[in-house]
Structures are given as C-alpha cells and as structure tokens.
Amino acid sequence: MATNRTFTMIKPDAFSAGNSGAILKMIEEAGFKIIAMKATQLTPATAGKFYEVHKERPFYADLCAYMSSGPIIAAILEKENAVEDFRKLIGATNPADAAEGTIRKIFAKSIEANAVHGSDSDENAAIEGNFYFSQIERIG
Ligand code: CMP
C-alpha cells in the first residue's frame, strides 16, 4: 500500500561538513514535510542491522564502519509519491552518475559517502522509519 512517506538519513559526510541545513532546505523546498527527525549516531552493530539487506555485498563492512563514524540525521518525510519523488531529488547512488541539481550531485563525496539515504520502496520506508522511530514523539 502506498503510504506517501519515505525515510532518509543525512549521512556522516554531509553532517560533518555542515551541509545538513542546506540539504533539509532542499527537501522542504521540494515539498516534503518533516514528520519526525533526530540527530543520532549509529554503532557499527546498529548500522549493520539497518543495512542487513546488503550483508553479502563486498562494501558491507566498509559501509557499516562509515555509517557509524559520526553523527547522522534520520527523518521520516511525507509527500504524495514520496519514495519515487525523493529518489529523484537525491539522484543516483554514485554521485558521478547523479543528475545536475540533485542532492548527491551537489553534496556527495563518493559512492559510499553519498550524503543521503532514501528508501527504495514503500515497504522499506515503513521498515526503516520504524527502525529509528517507535512512535512520533510529542513533549508535553
Ligand atoms: P544507500 O542508498 O544508503 O544504500 C546502500 C549504501 O551502500 C549506498 O547508499 C552507499 O552509501 C553504499 N555503497 C558503497 N559502495 C556501494 C556500491 N558499490 N554500490 C551501491 N552502494 C554502495
């Protein structure tokens, strides 16, 4: 079922470079509403769990080390056609292949340090959002 939600992470390279604000501005200007958001840092074990689907890939160990190397921002985003539109906004996984004007073309450093994550399906958007947010928190 289409949920109109997707999940993103601003990865350690973009966070440490001070690009989180500029990336969030692009996301909001593209019409995405931030439903939940937090800054956090993964352990190698939690990074491994999040990316478990890639565990047989040759880049898995490096990816887990990289994703736990510094703070990130995790967020649930809402917009009509969210998964597909967000993948267009961020561009191809490898910034060398990403279209001009996309977040990865502007901010990514390499195929691994590629600035942002975006869910690849509605099903994974829900799984990945639930990985970070057990409920949408409200204070007071
Ligand atoms: P992401 O969209 O978060 O999903 C898997 C991540 O693995 C990807 O972005 C990259 O950060 C990382 N990665 C590293 N090397 C590769 C590769 N050769 N192919 C795909 N993803 C890679």
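Residues numbered from 1 in each chain as written. Predicted model: local features only at pLDDT ≥ 70, side-chain atom pairs only at ≥ 80, totals over all residues. Heavy atoms only, no water.

K.L.:
Looking at this model, I keep getting lost on the packing of aromatic side chains. Mind explaining?
P.N.:
Centre distance and the angle of the planes are the two values used to describe a pair of aromatic rings. All chains considered together, the criterion is met by 8 aromatic pairs. Judged by centre distance (6.5 Å) and plane angle (45°), the rings of Y132 and F133 are tilted. Taken individually, Y132 and F133 each receive the classification buried, so the pair is uniform in this respect. Lying across the ring of F32, K79 places its NZ or CZ 5.6 Å from the centre. (Phe/Tyr/Trp six-rings, centres within 6.5 Å; stacked < 30°, edge-to-face > 60°. Buried < 20%, exposed > 50% of the residue type's maximum accessible area, 1.4 Å probe, protein only. Lys NZ or Arg CZ within 6 Å of the ring centre and 35° of its normal.)

K.L.:
In this structure, what is going on with the site of the ligand? I would like to understand it.
P.N.:
In the vicinity of the ligand, the contacting residues are K11, Y51, H54, F59, L63, T93, R104, I111, E112, N114 and H117. Here an oxygen atom of the ligand sits 3.3 Å away from a polar atom, N or O, in the side chain of R104. A distance of 2.9 Å separates an oxygen atom of the ligand from a polar atom in the backbone of E112. Here the ligand, which alone exposes 450 Å², has 80% of that area covered by the protein. The site holding the ligand turns out to be the largest pocket. Here the residues of the shell around the ligand sort into 4 nonpolar, 4 polar and 3 charged. (Near = heavy atom within 4 Å. Polar contact = N/O pair within 3.5 Å; in protein donor to acceptor, adjacent residues only side chain to side chain. Areas by Shrake-Rupley, 256 points an atom, 1.4 Å probe, with all protein chains shown as cover. 1 Å grid on protein atoms, 1.4 Å probe; cavity = no way out; pocket = protein on both sides within 12 Å on 5 of 7 lines; lining within 4 Å. Sits in = over half its atoms within 2 Å of the grid points. Nonpolar A, V, L, I, M, F, W, Y, C, P; charged D, E, K, R; others polar.)

Functional significance is not addressed by these values, which are geometric in nature.
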